[in-house]
2 protein chains.
Amino acid sequence: MVDLSSVPGVTRGILPAQCNSRLVLDHVTSTWGVLVLLALSAGDHRWSELRRVVEGVSEKMLAQTLRTLVADGFVDREAEPVIPPRVTYRLTERGRELTAHLLPLMGWIAQHADEIVSTPAR
Amino acid sequence: MVDLSSVPGVTRGILPAQCNSRLVLDHVTSTWGVLVLLALSAGDHRWSELRRVVEGVSEKMLAQTLRTLVADGFVDREAEPVIPPRVTYRLTERGRELTAHLLPLMGWIAQHADEIVSTPAR
DNA sequence: CAGTATCCATAGGGATACTG
DNA sequence: CAGTATCCCTATGGATACTG
């Protein structure tokens, strides 16, 4: 059992319905948010690289996800003024702090996924 | 920079589009999935308690979320054959392993949420 | 109490076409 | 190349009513 009282806002009623934590949580745990953060934690990527490496993401969703992550200060967008355009995305310091917590979770899931799916409700 | 090559399936192309990892990831990072797991990590809860403590969740979504988490073996459902019915939900060992990784992430988000929201793209 | 069943609205998200 | 703009569909999820 873990003591949640150390986590602000998690004492009574998990997280208040309209708090900033839920907002950021939704950004981070969004389907494509996690995968983009994961991709960038492995190294900087250009737009076209992200499109390829994050399998299944549409242009619309990639753009939306990146805008949110940039706005939240997790990702930095560097646009070089050349033709054709060259834009690189990378994690900010804040983004690295976040993925430092995200990666262990992802690692555990990736390692146990097959077992979990094949052994429903052991 | 973190080495992702240690995470199975995360080497080329983050996570293959149709893999079990993405499936489990979607269950765990679903809006209500995270909050229910968080609630249960603080202690066992009955259905009605979860409805109250997980602010904003509808009956439909709570039922669906719990079914998924039980099916994945993260949560145990104990139904006592009494009238009125009394059903208790608790984390399984697998569920505790998962939340052990989830809680630090949530803690970080909760602590930084205000800063993140108020300081977009610092 | 602990759900299930049904209806229904809205918005999440895909496909496509277009632009600086 | 790196996006934006539009159309359009379906599936998520809320509200309500009902049941063992």
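Note that this is a predicted model, so its numbers are computed, not measured.

So, how was this worked out
Residues numbered from 1 in each chain as written. Chains lettered and ligands numbered in written order. Predicted model: local features only at pLDDT ≥ 70, side-chain atom pairs only at ≥ 80, totals over all residues. Heavy atoms only, no water. UniProt positions renumbered as here; feature names shortened; annotations may be inferred. Helix = DSSP H or I, 4+ residues; strand = E, 2+ residues; numbered from the N terminus. Pairing = 2+ DSSP bridges. Phe/Tyr/Trp six-rings, centres within 6.5 Å; stacked < 30°, edge-to-face > 60°. Buried < 20%, exposed > 50% of the residue type's maximum accessible area, 1.4 Å probe, protein only. Contact = heavy atoms within 4.5 Å. Axes fitted to C-alpha atoms, helices over the stretch in contact; angles between N-to-C directions. pLDDT = per-residue confidence, 0-100. Buried area = accessible area lost by both parts, 1.4 Å probe. Polar contact = N/O pair within 3.5 Å; in protein donor to acceptor, adjacent residues only side chain to side chain. Nonpolar A, V, L, I, M, F, W, Y, C, P; charged D, E, K, R; others polar.

Colleague: What exactly am I supposed to notice about the UniProt feature "domain: HTH hxlR-type" (unreviewed entry) in chain A here?
Modeller: On the UniProt side, "domain: HTH hxlR-type" (unreviewed entry) is annotated at positions that read residues 19–117 of chain A here. Here residues 19–117 of chain A runs as 67% helix and 14% strand, with 33 Å between its end C-alpha atoms.

Colleague: Would you mind showing me how to read the sheet that holds strand E1 (residues 45–46) of chain A here?
Modeller: One key point about sheets: their strands pair by backbone hydrogen bonds, in either a parallel or an antiparallel sense. Residues and elements named next belong to chain A. Spatial ordering of the open sheet is given by E1-E3-E2, a layout of 3 strands whose pairing is antiparallel. Two strands close off the open sheet at either side, each with one partner strand: E1 and strand E2 (75–80). Pairing analysis gives 2 bridges linking E1 to strand E3 (residues 86–91), with the strands arranged antiparallel. Each bridged residue has a counterpart across the sheet, and for His-45 the counterpart in E3 is Tyr-89.

Colleague: Help me understand the packing of aromatic side chains, please; the structure alone is not making it clear to me.
Modeller: Where two aromatic rings form a pair, the distance of their centres and the angle of their planes describe that pair. Counted by the stated rule, this structure contains 2 aromatic pairs over all chains. When the ring of Phe-74 of chain A is compared with that of Trp-108 of chain B, the centres are 6.3 Å apart and the planes differ by 40°; the resulting orientation is tilted. A residue pair is termed interchain when its members come from two chains, as with Phe-74 of chain A in the loop between helix H4 (59–71) and E2 and Trp-108 of chain B in helix H5 (residues 93–118). Phe-74 of chain A gets classed as buried once you look at its relative accessible area, which sits at 0%. Looking at Trp-108 of chain B, the relative accessible area reads 7%, which means it is buried.

Colleague: What is the right way to read the sheet that holds strand E2 (residues 75–80) of chain B from this model?
Modeller: All names here are of chain B. If you walk across this open sheet you meet the 3 strands as E1-E3-E2, and the pairing is antiparallel. Only two strands of the sheet have a single neighbouring strand rather than two, namely strand E1 (45–46) and E2. The strands that helix H2 (residues 31–41) touches are E1, E2 and strand E3 (86–91); relative to E3, the one it contacts most, it runs at about 95°.

Colleague: I tried to follow the confidence of the model for chain A on my own but got confused; where do I start?
Modeller: Close inspection of predicted coordinates is inappropriate for parts of the model with low pLDDT. Per-residue pLDDT for chain A averages 89, and the proportion of residues at 70 or more is 86%. The weakest mean pLDDT in chain A belongs to helix H1 (residues 20–29) of chain A at 94; the strongest belongs to E3 of chain A at 98.

Colleague: Help me understand the interface of chain A and chain B in this model?
Modeller: It is common to give the size of an interface as the accessible area lost on bringing the parts into contact. With 61 residues of chain A at the contact, the number on the chain B side is 62 residues. In total, about 5,400 Å² of surface goes out of reach between chain A and chain B, with carbon and sulfur atoms giving 69% of it. Taken together, the connections running from chain A to chain B amount to 10 residue pairs in polar contact (both at pLDDT 80 or more). Mapped by element, the contributors of at least two residues to the side of chain A that touches chain B are H1, helix H2 (31–41), H4 and helix H5 (93–118) of chain A. The greatest single-element share of the side of chain A that touches chain B, amounting to 20 residues, is contributed by H5 of chain A. Residue classes in the side of chain A that touches chain B are distributed as 40 nonpolar, 13 polar and 8 charged.

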